[in-house]
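Structure assessment
Each chain, written out:
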Amino acid sequence: MANRTRLGITTYLMFAIRNLMRNRRRTTITLLTMIFGIAVLTLLSALNDGWLSQMKTNFILSYTGHVQIHARGFEASQNLRDRINKPEEVTRLMQSYSEIVGWTQRIRTSGLASVGGGSAGVQIMATDPEQETWVTSIHEHVTWGDWLRPGMSRDLLLGATVAETIGADLGNRVILMAQRPAGDMVSEVFILRGILETGAPQIDRTLALIPLNTAQTWLDMGQSVTDIVVRADHHENTGQVVRLFAQQLSGQSYEIMPWQELDPMVRQWLEFSDAYGLVIILVVVILVLVEILNTMLISLHERNKEIGVIAAIGTTRIQIFSMLLLEAVLLIFIGASLGYLVGSLLVYALSGTGIDLTGYANAFQFFYMNPVIYPDLTSDSALRILGTTLIAALLAGVYPAWRATRLSISQALRIQ
Amino acid sequence: MTSIIKTRDLHKCYWVGTMPHPALHGIDLDIEQGEFAVLAGRSGSGKSTLLNIIGALESADSGSVEVFDQNILQMTQDRRTRFRLDHIGFVFQAYNLIRVFSARENIAYVCQLQGKSKEESLEIANHWLREVEIEHLGYRKPDQLSGGQQQRVAIARALATEPQIILADEPTANLDTQTGRNLIHLMQGLNQRLGTTFLISSHDPDVKEAASRLIKLADGQIVDEWSTIPKPPISISSACPVQNKPLGERVRIKLNRMFSRRRRKQSPKDNSRHS
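One structure accompanies this document, and this report is about it.

Quick look at the overall build of chain A
In terms of regular secondary structure, chain A is built from 16 helices and 12 strands. Relative to its full complement of 416 residues, chain A shows a buried share of 41%.

Below, the structure is given as structure tokens:
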């Protein structure tokens, strides 16, 4: 047997391009459908990425920071006995890493706030007034009064809902009651200097914020703290920071928690959003796939005889398969590229002004979102869209191409 | 003379639902090298089925088919494809050119399938376009050609791979009488000049008239068969006298002949390679 039959890539390309041009109206309609679908998909993905990024940033900066370091077991027990006795062991590492842009120490415990006849359970959080501003943006949410003032040991800030519940006004004396590590209950009087309104219910309903030094003395903690809160330069670097601390503090009794682990609800919401984004991609891709499959099958049906002829004159099945697959891939490649380009231009056009959804501001605050969403097309999304489209192209192309190789040549030749 | 096609006790039956439709019933046939054989018979007599089976386009239910001493019924599908490419050229009733390719590209395509470079394939295509006297139409797509011109391209495509056998299924059925005669003349000339074996199914009286051997089929069986002394090709000048054609066409034909003669003289090597 002589050499295997072979065709140059230019012949395959010429065959594919000319066949696509054969029914220009159908090809144009298919391309327009694809361009629309991929452009919408690109825009939706960018919006999804944009608001997820906002949400992560807002969540991280409102309270938790990117990474928290606790004494082992504290997150589960919330007991002051599980505390970091030598915080300097951890804080001395902070200067070493360029990924860390700020850190603070906190004491967190449950307590009771009361004023006059009103009282409510609160989450007491003691922090360094200045260092806290390096890590979170909670100081920006003081809607009445002032942020904690350095050196003013009796300053207290309450969440807006707590203040309303117990009927506290600015300047009121508020009694906080809490349990020391040894188990004895103690109380202290603070002056309400400010009211915080973050929009996040768990903060507004429960937070009582006091200076760290005061809490250490009041709760008999010495230099101990419960949390060391770290801010990274970007939430994408959270994992890197966690790994750095895990290496340096291995073998010691710390728990190093990324922000995703600190609030299960937010984590679930982010996972849901990712899944939702994936569903959108799948729906659009399936629609595009069905469109391409339909086009290719109609085209195949119209060309059954011609495929029979090219098989009869010596084209092998694998060559016929490749020709038709290339046709589908080419169609999807052109459609996807143009669609992605149009989508990217839309993202670019909207990235300056964003999409203003101020009318739903309350709902957005609940989920740590800004009312103006700025689309943000990440490389991950771009790869996901183009990768999924490529897979769809192969799927949409493989079936008609496979069917073409199954044609009976003699039957195809009989078609009038 | 040696038989290059041998069929023995060939049977083929089509099924439409549960109804059998016998197409071939014990065909024994030998075709020798260089024959210009015609399968004649009514529609449904089994001519096309026999051609398809000999051309390795279709399987038989039983019997054997040997082409160049190779049993094509036992070949795999890919081997049959390669076999067709190397040994058999096809001419179909409906021309069946690839619509998206020009006449030249249609011919070059089969050469590329044989592994020849694009440039070489196009050169071969030009040569065969000259042979079938439509070199000036090489850049036209099939839908820009008349039926006769398309069938000439189909013949050129069938010959471009230098096969020993051409199978032609009703090649003149879609053509008017005069164009059909011209085509028969062309095929006869190629048969006599190149020694290529032609097996043609047809019920066109002109084709039967031109046959060196006529095989008559009825109900899937060979019912009659006779050989004739090879006839000279129908003269194109008598079938289509130049003097009857319009002036423009006469000038074009004369110029074509003059230039093609001059080209042949200038490049005898190029022509001898394919003849």
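Concerning the overall build of chain B
Counting its secondary structure elements, chain B contains 10 helices and 10 strands. In chain B, of all internal contacts separated by at least 6 residues, the share reaching a separation of at least 24 is 69%.

A short note on the nonpolar core
Judged by nonpolar contacts, the single largest core of 125 residues is most densely connected at A328 and I332 of chain A together with I107 and L199 of chain B. Counting residues per element, this core draws most heavily on helix 2 (residues 24–64) of chain A, at 13 residues. Excluding its chain neighbours within four sequence positions, the residues that come into contact with I332 of chain A are M34, I292, T389, A392, A393 and A396 of chain A. If you look at the next biggest cluster of nonpolar residues, it comprises 56 residues, including L148, L158, A168 and L209 of chain A.

Regarding the sheet that holds strand 4 (residues 62–67) of chain B
Residues and elements named next belong to chain B. Spatial ordering of the open sheet is given by 2-1-4-5, a layout of four strands whose pairing is antiparallel. Where the open sheet ends on each side, the last strands, each with one partner, are strand 2 (19–32) and strand 5 (70–71). Two strands pair when backbone bridges link them, and strand 4 and strand 5 are joined in this way by two bridges, in the antiparallel orientation. Bridge pairing in strand 5 places V67 opposite Q70. The strands touched by helix 1 (residues 47–54) within the sheet are strand 1 (3–16), strand 2 and strand 4, with strand 1 carrying the most contacts at an inclination of about 120 degrees.

Thoughts on the interface of chain B and chain A
Contact with chain B, which involves 23 residues of that partner, is made by 26 residues of chain A. Mapped by element, the contributors of at least two residues to the side of chain B that touches chain A are helix 2 (77–87) and helix 3 (103–113) of chain B. Residue contributions to the side of chain B that touches chain A peak at seven residues, all from helix 2 of chain B. When grouped by side-chain class, the residues that make up the side of chain B that touches chain A number eight nonpolar, seven polar and eight charged.

Considerations on unusual backbone geometry
Residue and element names in this part refer to chain B. Phi is positive for D9, which is not a glycine, with a value near 45 degrees. Tracing the sequence through the fold places D9 in strand 1. D9 sits in the partly exposed class, given 13 other C-beta atoms within 10 Å. We note that Y95 has phi near 65 degrees; this positive angle belongs to a residue other than glycine. By the secondary structure assignment, Y95 is in the loop between strand 6 (88–91) and helix 3.

Comments concerning helix 1 (residues 9–22) of chain A
Here helix 1 of chain A spans 20 Å end to end across 14 residues, near enough to the 20 Å set by a 1.5 Å rise per residue. Those residues of helix 1 of chain A hidden inside the fold are in contact with helix 2 and helix 13 (317–353) of chain A together with helix 3 of chain B.

A word on helix 13 of chain A
Taking 1.5 Å of rise per residue, the 37 residues of helix 13 of chain A would be expected to cover 54 Å, and the 54 Å separating its terminal C-alpha atoms lies within 8% of that figure. Where helix 13 of chain A terminates, the next one or two residues include G354 of chain A, which has phi positive at roughly 70 degrees.

Side note on the pairing of strand 1 of chain B
Residues and elements named next belong to chain B. Both strand 1 and strand 2 contribute to a ladder of 11 bridges, which runs antiparallel. What sits directly across from T7, in strand 2, is L29. Between strand 1 and strand 2, which pair antiparallel and follow one another directly, the connecting turn spans two residues, one of which, G17, has a positive phi of 65 degrees. By the bridge criterion, five bridges tie strand 1 to strand 4 in an arrangement that is antiparallel. Residue pairing across strands places T7 opposite V65, the latter belonging to strand 4.

About the thresholds
- Residues numbered from 1 in each chain as written.
- Chains lettered and ligands numbered in written order.
- Predicted model: local features only at pLDDT ≥ 70, side-chain atom pairs only at ≥ 80, totals over all residues.
- Helix = DSSP H or I, 4+ residues; strand = E, 2+ residues; numbered from the N terminus.
- Buried ≥ 20, exposed ≤ 12 C-beta atoms within 10 Å, placed from the backbone.
- Contact = placed C-beta atoms within 7 Å.
- Core = buried A, V, L, I, M, F, W, Y, C linked by C-beta atoms within 7 Å.
- Pairing = 2+ DSSP bridges.
- Axes fitted to C-alpha atoms, helices over the stretch in contact; angles between N-to-C directions.
- Nonpolar A, V, L, I, M, F, W, Y, C, P; charged D, E, K, R; others polar.
- Expected span 1.5 Å × (residues − 1).

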